[in-house]
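Next come the chains, spelled out residue by residue.
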Amino acid sequence: MSLKTDFAEMQKQKVRQIENILQEYLPKQKGCQKLIMEAMGYSLMAGGKRLRPMLMKETYELFNGTSRAVYPFMAAIEMIHTYSLVHDDLPAMDNDDYRRGRKTTHVVYGEDMGILAGDALLNFAFETAFKAFVMEPEDSLLIGRALTVLGEKAGIYGMIGGQVIDVKETGHAVEKEVLDTIYELKTSALIESSMMIGAIIGGASEEEVKIVEQIAKHVGISFQIQDDILDVTSTKEVLGKPIRSDEKNEKTTYVTLFGIDRAAEIVKERSEEAVRLLVSLSGENTYLEELLKKLIYREK
């Protein structure tokens, strides 16, 4: 069977492997505070594409990585991504009741526990990543570099910074330069973090890590623009969350700026540039190449 015909099954298998890793690193639900652990588990194990840990692992394999340190980082990046979704769904943010086809964390556990579950996932992500030092002490320098990337891309110079601009600018039109900054920080930064950490722990050179960062930036922005398109063209049943939420929240998107057709062209252009840069690297990972291509045509 060719990769193209076998891709869906391979992807399911990789998602199952990632979810096993997530289960391994989740805290046990015990003690007087077990409610927060339950809320963390509900949020983290709600399904999804597991794109970020998958990109991390596939980039790590691109550079023939051998360090087990990648596994706690895979769990950590998904915890950070999940916390951001939990907080995005809160009444003070997007006020969404459904995510991935089921009720959002704050709807199930209350707004107070929704806030705390997000906080707990962010903090526990770093607790989890620090376990890499014990697993692979000889890789301490690489782990330290990876932690620096994880912190910066998740914080005020990355995802949180993008969210700040997004919240501040919601409700009125913004120019393309501002929108690009939001996308580069809010969405692309965590994807950059995922692939860069995979490259670092996989043993890539500094120059190769920079190329990987550029690949990931194209992937991240393409991914967000495709989200804009799906918010208009998809259905709640397919997407697993409410549609036309951008319109409801009066957000400027690539669709409102350029229309659906041009937005789709930009997704294709950026995705093809990501693949071009990928094949310029010395390593080879045909699954990763196909995964980047699939992002162009995803329907959810």
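Numbers given for residues are sequential positions, taken from 1 along each chain in its written order. Reporting in this predicted model follows two pLDDT cut-offs: at least 70 for local features of residues, and 80 or more for side-chain atom pairs to be given and counted; totals over whole chains, interfaces and linings ignore these cut-offs and use all residues. Side-chain metrics in this entry use all non-hydrogen atoms of the structure; hydrogen atoms and water are not considered.

**Concerning the overall build of the protein**
Here is step 1: The helix and strand inventory of the protein stands at 15 helices and two strands.
Here is step 2: Relative to the compact-globule value of 19 Å for 300 residues, the protein shows a C-alpha radius of gyration of 18 Å, a close match.
Here is step 3: Each of the 300 residues in the protein was classed as buried or not, and the buried ones make up 54%.
Here is step 4: In this analysis, two residues are considered to be in contact whenever any of their non-hydrogen atoms come within 4.5 Å of each other. In the protein, once contacts between residues fewer than 6 apart in sequence are set aside, the share between residues at least 24 apart is 74%.
Here is step 5: A 1.4 Å probe and the Shrake-Rupley method give the accessible areas. Residues count as covered only by the protein chains that appear here. For the protein, the accessible surface area stands at approximately 14000 Å², while carbon and sulfur atoms represent 53% of it.
Here is step 6: A residue counts as positive if it is Lys or Arg and as negative if it is Asp or Glu; His and the chain ends are not included. Taken as the charge location is NZ of Lys, CZ of Arg, CG of Asp or CD of Glu. Averaged over its 37 positive side-chain charges, the protein has a centre that lies 4 Å from the centre of its 48 negative ones. Labels follow the DSSP assignment, with helices taken as runs of H or I lasting at least four residues and strands as runs of E lasting at least two, numbered in each case from the N terminus. Radius of gyration means the value over C-alpha atoms here, while the globule rule gives 2.2 Å times the residue count to the 0.38 power. Per-residue accessibility, obtained with a 1.4 Å probe over protein chains only, is compared with the maximum for each type, and a residue is labelled buried under 20%, exposed over 50%, and partly exposed between these values.

**Some thoughts on the packing of aromatic side chains**
Here is step 1: When two rings of Phe, Tyr or Trp (its six-membered ring) have centres within 6.5 Å they constitute a pair, described as stacked for plane angles under 30 degrees, edge-to-face for angles over 60, and tilted for the intermediate range. Per the stated rule, a full pass over the model turns up five aromatic pairs.
Here is step 2: Where Phe7 meets Tyr287, the ring centres are 4.9 Å apart and the plane angle is 15°; that geometry is what we call stacked. Of this pair, Phe7 sits in helix 1 (residues 3-25) while Tyr287 sits in helix 15 (residues 286-297), and the two are 280 residues apart along the sequence.
Here is step 3: With a centroid separation of 5.3 Å and an interplanar angle of 50°, the aromatic rings of Tyr254 and Phe258 are classed as tilted. Remark: Phe258 and Tyr254 occur in helix 13 (residues 254-258); sequence separation between them is four residues, near one turn of the helix.

**Description of helix 4 (residues 70-88)**
One turn of the α-helix equals 3.6 residues, which is why residues spaced by three or four share an orientation.
Here is step 1: Working rule for helices: expected span equals 1.5 Å times residues minus one. With 19 residues, helix 4 extends 27 Å between its outermost C-alpha atoms, agreeing within 8% with the 27 Å of an ideal straight helix rising 1.5 Å per residue.
Here is step 2: In terms of residue burial, helix 4 counts as a mostly covered element, since 18 of its 19 residues are buried.

**Let's talk about helix 2 (residues 34-44)**
Here is step 1: Most of helix 2 sits out of view: eight of its 11 residues are buried.
Here is step 2: Buried within helix 2 are the following residues: Ile36, Met37, Ala39, Met40, Gly41, Tyr42, Ser43 and Leu44.

**A look at the packing of helix 9 (residues 176-202) against helix 10 (residues 206-233)**
Here is step 1: Note on definitions: angles span 0 to 180 degrees between N-to-C directions of axes, and those axes are lines fitted to C-alpha atoms, for helices only across the stretch in contact. Contact pair helix 9 / helix 10: the axes reach a minimum separation of 7 Å and the direction vectors enclose 140°. Here helix 9 is positioned oblique relative to helix 10, judged by the angle of their axes. As helix 9 packs across helix 10, the resulting crossing turns out to be right-handed.
Here is step 2: Of the residues belonging to the contact of helix 9 with helix 10, the class tally is 14 nonpolar, four polar and five charged. Angle categories are assigned with fixed cut-offs, so that under 35 degrees is roughly parallel, over 145 is roughly antiparallel, 65 to 115 is roughly perpendicular, and the rest are oblique. A clockwise turn of the near helix away from the far one marks a right-handed crossing, whereas an anticlockwise turn of less than a right angle marks a left-handed crossing. In this count, Pro and Cys sit with the nonpolar residues alongside Ala, Val, Leu, Ile, Met, Phe, Trp and Tyr, while Asp, Glu, Lys and Arg are called charged and the others, Gly among them, polar.

**Comments concerning the nonpolar core**
Where a protein is soluble and globular, its nonpolar side chains tend to be buried together.
Here is step 1: Buried Ala, Val, Leu, Ile, Met, Phe, Trp, Tyr and Cys residues that are joined via side-chain atoms within 4.5 Å together make up what is termed a nonpolar core. Counting 71 residues, the largest nonpolar core has Phe73, Leu150, Ile215 and Leu292 as the members making the most contacts within it.
Here is step 2: Here this core gets nine residues from one element, more than from any other, and that element is helix 4.
Here is step 3: Discounting residues that sit within four places of it in the chain, Ile215 has contacts with Met195, Ala274, Leu277, Leu278, Leu281 and Leu292.
Here is step 4: Formed by 13 residues, the second largest nonpolar core is a distinct cluster that contains Val174, Ile182, Tyr183 and Ala263.

**As for the environment of His106**
Here is step 1: Following the sequence through the fold, His106 ends up in helix 5 (residues 105-109).
Here is step 2: Taking the C-alpha atoms as reference, His106 lies 37 Å from Leu142; in sequence the two are 36 residues apart.
Here is step 3: In this structure, His106 is in contact with Asp89, Leu90, Pro91, Asp96, Asp97, Glu111 and Gly114, ignoring residues within four places of it in sequence.
Here is step 4: One polar contact links the side chain of His106 to the main-chain carbonyl oxygen of Asp89, over a distance of 3.4 Å. Between N or O atoms, a polar contact is any pair within 3.5 Å; within protein, one atom must be a potential hydrogen donor and the other a potential acceptor, and residues adjacent in sequence are included only when both atoms are from side chains.

**A word on the pattern of salt bridges**
Here is step 1: Salt bridge, as used here, is a side-chain nitrogen of Lys or Arg placed within 4 Å of a carboxyl oxygen of Asp or Glu. Throughout the structure, instances matching the rule amount to 19 salt bridges.
Here is step 2: Of the charged contacts in the structure, one is a salt bridge between Lys186 and Asp166, with a shortest N-O distance of 2.7 Å. With Lys186 in helix 9 and Asp166 in helix 8 (residues 159-169), this pair connects stretches of sequence that are 20 residues apart.
Here is step 3: Residue Asp166 is classed as buried on the basis of its relative accessible area of 10%.
Here is step 4: Salt-bridge contacts for Asp180 lead to Lys176; the nearest nitrogen and oxygen are separated by 2.7 Å. Taken together, the residues span about one helical turn, with Asp180 and Lys176 both in helix 9 at a distance of four residues.
Here is step 5: The class for Lys176 is partly exposed, based on a relative accessible area of 35%.
Here is step 6: Salt bridges here are not isolated pairs; linked through shared partners, they connect Asp94, Asp166, Lys186 and Lys251.

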